[in-house]
Amino acid sequence: MWDLSRNIGLYYAYKATKAVEFYRPIMYLYFLSLGLNFTAIALLEGVYNVTTVLGEVPTGYVGDRIGRRNSLLVGTVIITVTLVGIGFAETLLELSVLYACWSMGYNFRSGSDDAWLYDTLTDELSTDQFAHIRGRGQSVALLVGVVGSVAGGYLGNIDLSYPFLVASGVAGTGIPILLSLEEPTSYEESDADELGLREAVGVISETLSHPRLRSFVVYYFVLFSAVSYLVFMYVQPILETVLPQVGIPQGEVEPLLGWFYAAVSLLSAGLSYHTGTIRDRIGLRRWFLVIPFVVGIGLVALWMMPVLAIPAFLFARGISETTRSLASQYVNDRIDTLGRATVLSSLAMVSSVTVIPFQLGSGVISDVTSPLTALAVAGGVLIIGSFIVLAWESPVKSVTGRRTEAE
């Protein structure tokens, strides 16, 4: 039990080094300051997601072969170096290359931390604690992000490149932490390091066509994830327009964005800390049947009342990590250790494929009309698409022999 406690402690420490909140408040403002328009930014995001599509399954496969910890280590090194490059980039071409590297770094980490945690808990027969521990780990990252968001806002007010450089230093501290992490016994005994390409393809195909997962994949990994990504893209430019309309001086927008992202992190941390409680008391079924419609309605409402941007974005961003944790619990409960990282990476690949047309379409709509219109359209697609999936079949189903009371 001491080894489990030590490993979980290191897992929490690693989550604290994600550092994304340093640059999130100013990320797209930085790109706009380099002369990029919304279509160019959408193209950058397209490069990121095309790289994800091409790299997710191979890197997930590599993660199953070399081990969860080593995959996380490779990804962290790539991200650390890439953030420095972004801080010094000047052209769309340079950013495109760096975005491809950035995506590969996250490809190596995608699915591997969840696979490592679930297999570690499998060793102790405690997989029902996955959502609880993952949620608390995410809350640690988000609480660190509160400080990072505020610092990033003020750093961005000095120079929009500084938050990327600071984030690189914080991310780099994850390297020695990961070197101290142990691989789960269940992974070492699963023959995952001998997983062949044919077996990996078979595992992915079986997972995506599984009756208990197929509609959930469309419902969450396609529709909800794509729209959530657009919210992430347009928070900054929309608030930069809305905040001066409510009396905020233009020179104070970047610091205020930092405080806004800090508020998002606090809300996310609180919800993430209680992910297990949400699963047990609200249930996966209720959560996933309600949340997409609330987000979709909120985005459509922005088009008519832009002043709702702050509460709407606060809610949409605040619940995203908890929703991701619950989705990961649902999927992990229905797949095996063999090929686990490959399957989780394939689901991330599905999200990346479907978000590309959303990104490109929203970029064109934003340049022709406004980001508010683009998000309103996305909200409408989320509402209509969710209704279609529900008419097809329920995306959240119980499984005989597994924990079902939360479903």
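Residues numbered from 1 in each chain as written. Predicted model: local features only at pLDDT ≥ 70, side-chain atom pairs only at ≥ 80, totals over all residues. Heavy atoms only, no water.

A. Structural view of the pattern of salt bridges. Scanning the entire structure with this criterion turns up three salt bridges. A salt bridge links Glu 182 to Arg 6; the shortest N-O distance between them is 3.4 Å. You can see Glu 182 sitting in the loop between helix H9 (174–179) and helix H10 (185–188) and its partner Arg 6 sitting in helix H1 (residues 2–15), a full 176 residues away along the chain. On the basis of relative accessible area, Glu 182 is assigned to the partly exposed category, the value being 35%. (Salt bridge = Lys/Arg side-chain N within 4 Å of Asp/Glu carboxyl O. Helix = DSSP H or I, 4+ residues; strand = E, 2+ residues; numbered from the N terminus. Buried < 20%, exposed > 50% of the residue type's maximum accessible area, 1.4 Å probe, protein only.)

B. Looking closely at the packing of helix H12 (residues 214–245) against helix H13 (residues 253–273). The interhelical angle for the contact between H12 and H13, taken along N-to-C directions, is 125 degrees, at an axis separation of 11 Å. Of the possible angle classes, the one that applies to H12 and H13 is oblique. Note on packing geometry: the crossing formed by H12 with H13 is right-handed. Residue-level contacts link Phe 232, Val 235, Gln 236, Leu 239, Glu 240, Leu 243 and Pro 244 of H12 to Val 253, Glu 254, Leu 256, Leu 257, Phe 260 and Tyr 261 of H13. (Axes fitted to C-alpha atoms, helices over the stretch in contact; angles between N-to-C directions. Parallel < 35°, antiparallel > 145°, perpendicular 65-115°, else oblique. Left-handed = near helix turned anticlockwise from the far one by under 90°. Contact = heavy atoms within 4.5 Å.)

C. Fine view of the side chain of Ser 386. Within the element layout of this structure, Ser 386 appears in helix H19 (residues 371–392). Of the polar contacts made by the side chain of Ser 386, one reaches the backbone oxygen of Leu 382; its length is 2.7 Å. Residues contacting Ser 386, with those up to four places away along its chain left out, are Tyr 219, Leu 223, Pro 292 and Phe 293. (Polar contact = N/O pair within 3.5 Å; in protein donor to acceptor, adjacent residues only side chain to side chain.)

D. Molecular detail of the packing of aromatic side chains. A complete count under the given rule lists 23 aromatic pairs for this structure. Here the aromatic rings of Tyr 229 and Phe 232 are separated by 6.2 Å at their centres, their planes lie at 80 degrees, and the arrangement is edge-to-face. Of this pair, Tyr 229 and Phe 232 both sit in helix H12, three residues apart, roughly one helical turn. Among the residues examined, Tyr 229 registers a relative accessible area of 22% and is labelled partly exposed. Pairwise contacts between aromatic rings join Tyr 23, Tyr 28, Tyr 30, Phe 31, Tyr 48, Tyr 99, Trp 102, Phe 164, Tyr 229 and Phe 232 into one cluster. (Phe/Tyr/Trp six-rings, centres within 6.5 Å; stacked < 30°, edge-to-face > 60°.)

E. Representation of the packing of helix H15 (residues 284–304) against H19 within the structure. Closest axis-to-axis distance for the H15/H19 pair is 7 Å, and the angle between their directions is 150 degrees. With respect to H19, the element H15 is oriented roughly antiparallel. By crossing handedness, the relation of H15 to H19 is classed as left-handed. Along the contact surface, H15 presents Leu 289, Pro 292, Phe 293, Val 295, Gly 296, Ile 297, Leu 299, Val 300, Leu 302 and Trp 303, while H19 presents Leu 372, Thr 373, Leu 375, Ala 376, Gly 379, Gly 380, Leu 382, Ile 383, Ser 386, Phe 387 and Leu 390.

F. How the structure looks around helix H8 (residues 162–172). For H8, the full list of buried residues reads Pro 163, Phe 164, Ala 167, Ser 168, Ala 171 and Gly 172. Taken end-on, H8 shows its buried residues confined to a sector of 165 degrees, consistent with a single buried face. Buried-residue contacts for H8 involve helix H2 (27–33), helix H4 (68–88), helix H5 (92–109), helix H7 (130–158) and H9. (Arc of directions from axis to C-beta.)

G. Structural view of a nonpolar patch on the surface. Taken together, the side chains of Val 246, Trp 303, Met 304, Met 305 and Val 307 present a nonpolar region at the surface, about 570 Å² in accessible area. Position of Trp 303 among the secondary structure elements: in helix H15. In this structure Trp 303 comes out as exposed when scored by relative accessible area, which is 54%. (Patch = residues over 30% accessible without salt bridge, like charges linked within 9 Å, V, L, I, M, F, W, Y side chains within 5 Å. Areas by Shrake-Rupley, 256 points an atom, 1.4 Å probe, with all protein chains shown as cover.)

These figures capture arrangement, not role.
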